[in-house]
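Single-letter residue listing:
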Amino acid sequence: MILYGLPVSTYTAKVRLALCWRGIAFEEREPPGGYRSEAWRQIVPMGTIPAIDDQGFVLAESEAILEYLEERYTERSLLPQDPQQRAQVRMLARLHDLHVEPKVRALFALIRQPQERGQLPELKAALDDKLARLAQVARPGPYLAGPRATLADCGFAVTLPLAERLLGALGSPLQWPPSLEPWQSALTADPLAQQALSPWRAATDTWLRAAGLN
Ligand SMILES: N[C@@H](CCC(=O)N[C@@H](CS)C(=O)NCC(=O)O)C(=O)O
């Protein structure tokens, strides 16, 4: 199994975390020519990372990758057995990709372009609203969908610490909704999660330092 991605990429970290939680051996490579390049678009036409190559089967889109891994490998599944619980996990995973992650990604412009930082209060309010909504939907136990990690946790485990890191660097610390605090503590104490996220954390720190932030 090859995972194509970059250390700083949040969606690469999402898939890396699933691979680590599942115990699936993989080798990580950078996309040939870089993401968005013509060379990479010959392999993944949309030019995005991550993608996997499983013995010649190439697949992009993180959620499709995670679902493929569920069907291809049965050990240490990240989906519950019960249909309603499975649906709840998938719903949370989509909330991440469609609603929460874009609000975190919107902060990237403020890191890259200091002249944009006047937008911080507005962008932070939009993110706070999404987190409050997430806290209404998810009842951490301590993972987002119950006592064990599921597909629902993979994206949020990257994106919410990233939001905390970016807002801290921009001088406007994130206030976690209280019901998400046990989830945050569970991830911090989860060795596989920490191992999977460490390349991404280091790359994020490097990115922020290069932008003159800490
Ligand atoms: N929906 C895609 C999103 C992946 C994504 O946005 N990846 C970023 C890096 S974290 C990327 O490739 N950006 C380049 C682009 O969108 O052209 C997925 O889940 O894999």
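Below is a short write-up of the structure. The model shown is predicted, which means the values in this text are computed figures rather than measured ones. Each chain has its residues counted from 1, following the order in which its sequence is written. Reporting of local features is limited, given that this is a predicted model, to residues whose pLDDT is at least 70; pairs of side-chain atoms are given and counted only at 80 or more, and all residues count toward the totals for whole chains, interfaces and linings. Only heavy atoms go into the side-chain values, all of them from the structure, while hydrogens and water stay out.

### With respect to the packing of aromatic side chains
The test is simple: Aromatic contacts are taken between Phe, Tyr and Trp rings whose centres are within 6.5 Å, Trp giving its six-membered ring; a plane angle under 30 degrees counts as stacked, one over 60 as edge-to-face, and the others as tilted. Only runs of H or I of at least four residues qualify as helices and only runs of E of at least two qualify as strands under DSSP, and these elements are numbered from the N terminus. For every residue, the accessible area (1.4 Å probe, protein chains only) is compared with the maximum for its type, and the residue is labelled buried under 20%, exposed over 50%, or partly exposed between those bounds. Our definition puts a charge over a ring when NZ of Lys or CZ of Arg is within 6 Å of the ring centre and also within 35 degrees of the ring normal.
Going through the model one piece at a time under the given rule, you end up with five aromatic pairs. Centroid distance Trp21 to Tyr143: 6.2 Å. Interplanar angle 85°. Geometry classified as edge-to-face. Here the residue Trp21 occupies a position in helix α1 (residues 10–22), and Tyr143 occupies one in the loop between α6 (120–137) and α7 (151–169), the gap between them amounting to 122 residues. Both residues of the pair, Trp21 and Tyr143, count as buried. When the ring centre of Tyr73 is taken as reference, the NZ or CZ atom of Arg72 above it lies at 4.8 Å.

### Remarks on α1
Counted only if it meets this: Expected span, for any helix, means 1.5 Å times one less than how many residues it has.
In a regular helix each residue adds 1.5 Å, so 13 residues correspond to 18 Å; α1 covers 18 Å between its end C-alpha atoms and thus fits that length. The element α1 is largely enclosed, with a buried count of 13 among its 13 residues.

### Structural notes on the environment of Pro102
Relative to the helices and strands, Pro102 is located in helix α4 (residues 83–105). Overall, Pro102 belongs to the partly exposed group, its relative accessible area being 35%. In this structure the C-alpha to C-alpha distance between Pro102 and Thr12, which are 90 residues apart in sequence, comes to 16 Å.

### With respect to the nonpolar core
Where we set the bar: Throughout, nonpolar core names a set of buried Ala, Val, Leu, Ile, Met, Phe, Trp, Tyr and Cys residues whose side chains join them through atoms within 4.5 Å. Domain ranges listed in this record stem from an automatic or a database domain assignment. Contacts are residue-level and defined by heavy atoms, with any inter-residue pair within 4.5 Å sufficient.
If you look at the biggest cluster of nonpolar residues, it comprises 62 residues, and the most contacted ones within it are Trp21, Ile52 and Leu160. Going through the elements one at a time, α1, α3 (62–72), α4, α5 (108–112), α6, α7, α8 (181–188) and α9 (191–210) are the ones with two or more residues in this core. Take this core: its biggest share by element is 12 residues, from α7. Each of domain 1 (2–72) and domain 2 (83–210) contributes no fewer than three residues to this core. For Ile52, the residues in contact, after removing those within four places along its chain, are Met1, Ile2, Leu3, Val15, Phe57, Val58, Leu59, Ile65, Tyr68 and Leu69. The next biggest cluster of nonpolar side chains, apart from the first, holds seven residues, and it includes Ile2, Leu6, Trp40 and Ile49.

### Looking at the site of the ligand
Using the following cut-off: Distances are taken per atom, and a residue is near a molecule or strand as soon as one of its heavy atoms is within 4 Å of it. Identification of polar contacts relies on pairs of N or O atoms within 3.5 Å, with a donor-acceptor requirement for protein atoms, meaning one able to donate a hydrogen and the other able to accept it, and with residues adjacent in sequence counted only if both atoms are side-chain atoms. Note on areas: Shrake-Rupley, 1.4 Å probe, and residue coverage restricted to the protein chains presented here. Side-chain classes follow a simple rule in which Ala, Val, Leu, Ile, Met, Phe, Trp, Tyr, Cys and Pro form the nonpolar group, Asp, Glu, Lys and Arg form the charged group, and the remainder, Gly included, forms the polar group.
Ser9, Thr10, Tyr11, Tyr35, Arg36, Thr48, Ile49, Pro50, Glu61, Ser62 and Arg105 make up every residue found near the ligand. A distance of 2.7 Å is found between an oxygen atom of the ligand and a side-chain nitrogen or oxygen belonging to Arg36. The side chain of Glu61 places a nitrogen or oxygen atom 2.7 Å from a nitrogen atom of the ligand. Here the ligand loses 79% of its free accessible area of 510 Å² to cover by the protein chains. Looking at the shell around the ligand, its residues break down into four nonpolar, four polar and three charged.

### What to know about the layout of surface pockets
Note the threshold: Points on a 1 Å grid over protein atoms alone make up a cavity when a 1.4 Å probe fits among them but cannot get out, and a pocket when they form an open set with protein on both sides within 12 Å along at least five of seven lines; lining residues each have an atom within 4 Å of a point. Grid points are joined across faces, edges and corners, and a volume is the space filled by probe spheres set on the points.
Considering only enclosed or pocket space, the largest pocket measures out at about 660 Å³ in volume. Considering the residues around the largest pocket, the lining is formed by 24 residues, among which Ser9, Tyr11, Tyr35, Ile49 and Arg105 are closest to the centre. Going through the elements one at a time, α1, α3, α4, α5 and α9 are the ones with two or more residues in the lining of the largest pocket. Looking at the lining of the largest pocket, its residues break down into 11 nonpolar, six polar and seven charged. Each of domain 1 (2–72) and domain 2 (83–210) gives at least three residues to the lining of the largest pocket. One number sums up the size of the second largest pocket: a volume of about 200 Å³. If you go around the second largest pocket, the residues you meet are Ser77, Leu78, Leu79, Pro80, Gln81, Gln85, Ala145, Gly146, Pro147, Arg148, Ala149 and Thr150.

### So, the sheet that holds strand β2 (residues 27–29)
Just so we agree on the cut-off: In short, DSSP must find at least two bridges between two strands for them to pair. For helices, the fitted axis covers only the stretch in contact; all axes are lines through C-alpha atoms, and the angles between them, taken along N-to-C directions, range from 0 to 180 degrees.
Read from one edge of the open sheet, four strands run β2-β1-β3-β4, paired in mixed fashion. With one partner strand each, in any of the chains shown, β2 and β4 (57–60) form the two edges of the open sheet. If you compare each strand with its neighbour and ignore which way they point, the axes differ by 20° on average. Bridge analysis of strand β3 (residues 51–54) against β4 gives four bridges, and the strand direction is antiparallel. Paired with Asp53 across the bridge in β4 is Val58. With respect to the sheet, α1 is in contact with β1 (2–4), β2 and β3, its orientation differing from that of β1 by roughly 160°. Most of the contacts of α3 go to β4, to which it runs at about 135°, and overall it touches β3 and β4.

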